[in-house]
Amino acid sequence: MSKDGDRTNLSRTFKYLLATQFLSRGIPFIFNSWIVRHLTVEDYAVYAVQFHLFVTCVLFLSREGFRRACMRADIKLEGALTKDSVAPLLKVAWMTFPLGVVITMVACFIIFWWQGLSLFDPYAQAILINGCACILELLAEPLYILSQTLFLLKLRLMVETAATFSRCVTLYILIANLTNMEKGIVFALSQAAYGACLFMGYWSYFLLFRSFRSSDLFPFRLGHMNFDKQLSNMCMLFTLQSFRKLILQEGEKLVLVWLDTPYNQAVYGLVDKLGSLVVRLVFLPFEESSYATFARAASGQSPHKSKNIGRCLTEALKLVLLIGLIFLAFGPSYSYSLIRLLYGQKWSDGEASTALRYYSLYIIVLAMNGTSEAFLHAVATENQLKRSNDSLLVFSLIYVALNVLLIRSAGAVGLIFANSLNMILRIIYSAIFIKHFFQESSSFSFYGCLPSGWIILLLSGVATLISEKVFLDREKFWPSFFIHFSIGFTFFCISAFVIYRHERPFITRIIHFRDHFD
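Residues numbered from 1 in each chain as written. Predicted model: local features only at pLDDT ≥ 70, side-chain atom pairs only at ≥ 80, totals over all residues. Heavy atoms only, no water.

### Let's talk about the overall build of the protein
Here is step 1: Regarding its fold elements, the protein presents 19 helices and zero strands.
Here is step 2: The principal-axis extents of the C-alpha atoms in the protein amount to approximately 75 × 65 × 40 Å.
Here is step 3: The burial tally for the protein puts 55% of its 518 residues in the buried class.
Here is step 4: Intrachain contacts of the protein at a sequence separation of at least 6 include 84% that bridge at least 24 residues.
Here is step 5: Here the protein displays about 23,800 Å² of accessible surface, and carbon together with sulfur accounts for 66% of that area.
Here is step 6: In the protein, 46 side chains carry a positive charge and 34 a negative one; their mean positions are 5 Å apart. (Helix = DSSP H or I, 4+ residues; strand = E, 2+ residues; numbered from the N terminus. Buried < 20%, exposed > 50% of the residue type's maximum accessible area, 1.4 Å probe, protein only. Contact = heavy atoms within 4.5 Å. Areas by Shrake-Rupley, 256 points an atom, 1.4 Å probe, with all protein chains shown as cover. Lys, Arg positive; Asp, Glu negative; His and termini not counted. Charge placed at Lys NZ, Arg CZ, Asp CG, Glu CD.)

### What to know about the confidence of the model for the protein
Here is step 1: A residue-level look at the protein finds 92% of positions with pLDDT of 70 or above and a mean pLDDT of 87.
Here is step 2: Taken together, the stretch residues 1–8 has pLDDT below 50 and engages in 17 contacts with residues farther than four places along the chain or on a different chain.
Here is step 3: Taken as a whole, residues 513–518 scores under 50 in pLDDT and shows 15 contacts with residues more than four places along the chain or in a different chain. (pLDDT = per-residue confidence, 0-100.)

### Description of the packing of aromatic side chains
Here is step 1: Going through the model one piece at a time under the given rule, you end up with 32 aromatic pairs.
Here is step 2: Residues phenylalanine 31 and tyrosine 172 carry aromatic rings whose centres are separated by 6.4 Å and whose planes lie at 75° to one another, so their mutual orientation is edge-to-face. Remark: tyrosine 172 occurs in helix 7 (residues 153–177) and phenylalanine 31 occurs in helix 2 (residues 10–36); sequence separation between them is 141 residues.
Here is step 3: Here tryptophan 478 and phenylalanine 482 contribute two aromatic rings whose centre-to-centre distance is 6.1 Å and whose plane-to-plane angle is 35°, an arrangement assigned as tilted. Taken as a pair, tryptophan 478 and phenylalanine 482 lie in helix 18 (residues 477–502) at a separation of four residues, close to a single helical turn.
Here is step 4: Through successive ring pairs, a cluster of aromatic residues spans Phe294, Phe375, Phe433, Phe437, Phe438, Phe444 and Phe446.
Here is step 5: In this structure, lysine 273 packs its charged tip against the face of tyrosine 47, placed 5.2 Å from the ring centre. (Phe/Tyr/Trp six-rings, centres within 6.5 Å; stacked < 30°, edge-to-face > 60°. Lys NZ or Arg CZ within 6 Å of the ring centre and 35° of its normal.)

### Observations concerning the side chain of serine 190
Here is step 1: Tracing the chain through its elements places serine 190 in helix 8 (residues 183–209).
Here is step 2: For serine 190, a relative accessible area of 3% gives the class buried.
Here is step 3: Setting aside residues no more than four positions away along its own chain, serine 190 makes contact with Arg167, Thr170 and Leu171.

### A closer look at the pattern of salt bridges
Here is step 1: For the coordinates displayed, the defined rule picks out 14 salt bridges.
Here is step 2: For arginine 67, the salt bridge is made with glutamate 141, and the minimal N-O distance between the two is 2.7 Å. Here arginine 67, found in helix 3 (residues 41–71), pairs with glutamate 141, found in helix 6 (residues 122–149); they are 74 residues apart in sequence, far enough to count as distant.
Here is step 3: On the basis of relative accessible area, arginine 67 is assigned to the partly exposed category, the value being 22%.
Here is step 4: Residue classification places glutamate 141 among the buried positions, given a relative accessible area of 1%.
Here is step 5: Lysine 253 is the partner of aspartate 272 in a salt bridge, and the nearest nitrogen-oxygen pair spans 3.2 Å. One end of the pair, aspartate 272, is in helix 11 (residues 262–275); the other, lysine 253, is in helix 10 (residues 229–259), with 19 residues separating them in the sequence.
Here is step 6: Judged by relative accessible area, which is 8%, aspartate 272 ranks as buried.
Here is step 7: Residues joined by salt bridges that share partners form a network here, namely Arg63, Arg67, Glu137 and Glu141. (Salt bridge = Lys/Arg side-chain N within 4 Å of Asp/Glu carboxyl O.)

### Here's the deal with empty space enclosed by the protein
Here is step 1: Inspection of the entire model under this criterion finds four cavities of 30 Å³ or more.
Here is step 2: If you trace the second largest cavity, you find it lined by Glu373, Leu376, His377, Ser388, Ser391, Leu392, Phe395, Arg426, Tyr429 and Ser430.
Here is step 3: Tallying contributions element by element places helix 16 (residues 382–437) first for the lining of the second largest cavity, with seven residues.
Here is step 4: Per-class residue counts for the lining of the second largest cavity are four nonpolar, four polar and two charged. (1 Å grid on protein atoms, 1.4 Å probe; cavity = no way out; pocket = protein on both sides within 12 Å on 5 of 7 lines; lining within 4 Å. Points joined across faces, edges and corners; volume = space filled by probe spheres on them. Nonpolar A, V, L, I, M, F, W, Y, C, P; charged D, E, K, R; others polar.)

### Observations concerning the packing of helix 11 against helix 12 (residues 277–299)
Here is step 1: Running from N to C, helix 11 and helix 12 cross one another at 30°; their axes reach a closest spacing of 3 Å. When the interaxial angle is binned, helix 11 and helix 12 end up roughly parallel. Contact residues: helix 11 offers Asp272, Lys273, Leu274 and Gly275, while helix 12 offers Leu277, Val278, Val279 and Arg280.
Here is step 2: When its residues are assigned to classes, the contact of helix 11 with helix 12 shows four nonpolar, one polar and three charged. (Axes fitted to C-alpha atoms, helices over the stretch in contact; angles between N-to-C directions. Parallel < 35°, antiparallel > 145°, perpendicular 65-115°, else oblique.)

### A word on the state of the cysteines
Here is step 1: The final tally for this structure, using the stated rule, is zero disulfides.
Here is step 2: Unpaired in terms of disulfides, cysteine 57 finds its nearest cysteine sulfur in cysteine 134, a separation of 9.9 Å.
Here is step 3: Under the relative-accessibility criterion, cysteine 57 is labelled buried at 15%. (Disulfide = S-S within 2.5 Å.)

### Some details on helix 18
For an α-helix, 3.6 residues make a turn, and residues three or four places apart therefore share a direction.
Here is step 1: In a regular helix each residue adds 1.5 Å, so 26 residues correspond to 38 Å; helix 18 covers 37 Å between its end C-alpha atoms and thus fits that length.
Here is step 2: Here helix 18 has its buried residues at Phe477, Ser480, Phe481, His484, Gly488, Ser495 and Ile499. (Expected span 1.5 Å × (residues − 1).)

### Points about a nonpolar patch on the surface
Here is step 1: A contiguous nonpolar patch, built from Val102, Val106, Phe109, Ile110, Trp113, Trp114 and Trp258 and spanning about 850 Å² of accessible area, is present on the exposed surface.
Here is step 2: Of all the elements, helix 5 (residues 96–115) adds the most residues to the nonpolar patch, at six residues.
Here is step 3: In this structure valine 106 comes out as partly exposed when scored by relative accessible area, which is 43%. (Patch = residues over 30% accessible without salt bridge, like charges linked within 9 Å, V, L, I, M, F, W, Y side chains within 5 Å.)

### Description of the packing of helix 13 (residues 305–343) against helix 18
Here is step 1: Their axes nearest at 11 Å, the elements helix 13 and helix 18 cross at an angle of 170°. In terms of their interaxial angle, helix 13 and helix 18 are classed as roughly antiparallel. Judged by residue contacts, Leu322, Ile326, Phe330, Ser333, Tyr334, Tyr336, Ser337, Arg340 and Leu341 of helix 13 engage Phe477, Trp478, Phe481, His484, Phe485, Ile487, Gly488, Phe491, Phe492, Ser495 and Ile499 from helix 18.
Here is step 2: Class assignment of the residues belonging to the contact of helix 13 with helix 18 gives a composition of 14 nonpolar, five polar and one charged.

Here it is as structure tokens:
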């Protein structure tokens, strides 16, 4: 295998991104267990939903389209990197900064106008600090895009881990020691610490450990302001798509903030942070690594290109389906116990445990949608991407309507149900695209993506649900929990043995991979 091929190896890319997500999401998860117990419901709604929504909207609209498009750029990795070889990419990547500044200003203005805030309101000051934190992240974005294009995966692992730890430590110190400080200001300052770490980390690496000067990393000169038109157009296309994807990705939080109470916001925020942990730890890095692999494979000229792409897609879908089925089997029957252990009876005896049960069912459609859409975006032509954008607009309208209707009747559970329907529609669209893509090839079939052992997982799910009903006693929680846990652990071991016995070659390929070098 060539050196360039090694860099795009799916297992290697996935494992680095998995490690990145494990540290950048696992560290906040540990801190979050402490934070939830020290905040009021209203403060937790601000932290988990409102500020998260602001930062996500600004950053997603500013950079997501550029990240997608630039990963498809054909950057030569052989030989020494020079300023001339990366200048076309960086010129386009730097467009994220002015776009992000404008979006940040517009977002701040909308919140100030909508809530009637003045500069003296602590909430308004917190929004402005969050806006500055977003701008700090965007100053590092061109170098992030460059590092991802060059597959500098260890760099991302170290920088994001340090930034996450900085944010959590800042949050812990301020909550524990400055109890009189407005909690909104505390949350915003911790986000600013995160953005500052990202900025210093990426700039320090390229200036100190790579043969780049600051003028090389900002490659604009008077009289030489030309851009790669094809790459720029692709960035704009993906950016337009990101507006629609944002509605699909964060639409439920928009509706939640607009229509629902702080209590329901806090419940959904708690369940989303806990339930989506597996999404962020496993599915998100796998989606990113799959996208990079599909894009590189599709741009090659190998005579076996279709066969290689089909094999990669089959293994990717099989892996996410296997993980999704595990959560489908054991998630619903252990949702109450998990919330009781992590956050206490105040949260477990409310709506949170019921919402988490349904979130366990939602995980499997999330898994399938992420990988199938990654394939579509990686191999589709410009016209196909435009048609995909049009379909996203239709799905967005259906999704928002479902959210508005279901939030009033079913609260947080209604939002999860609306999300599930939205994901199913998107999966169907991607599946139709995949079927047409491989219509002249036998290298891919949907049946081949179904992992062996799925029946034993479903039977385990039924058995553990019965165990919860029969053995788990909320008044005598600890003795009954150990019985319930033992039954679940036994069925998990049986399922793991059956799956490993039938899928041993596949699991071996995922676990064992050749050594590579950055």
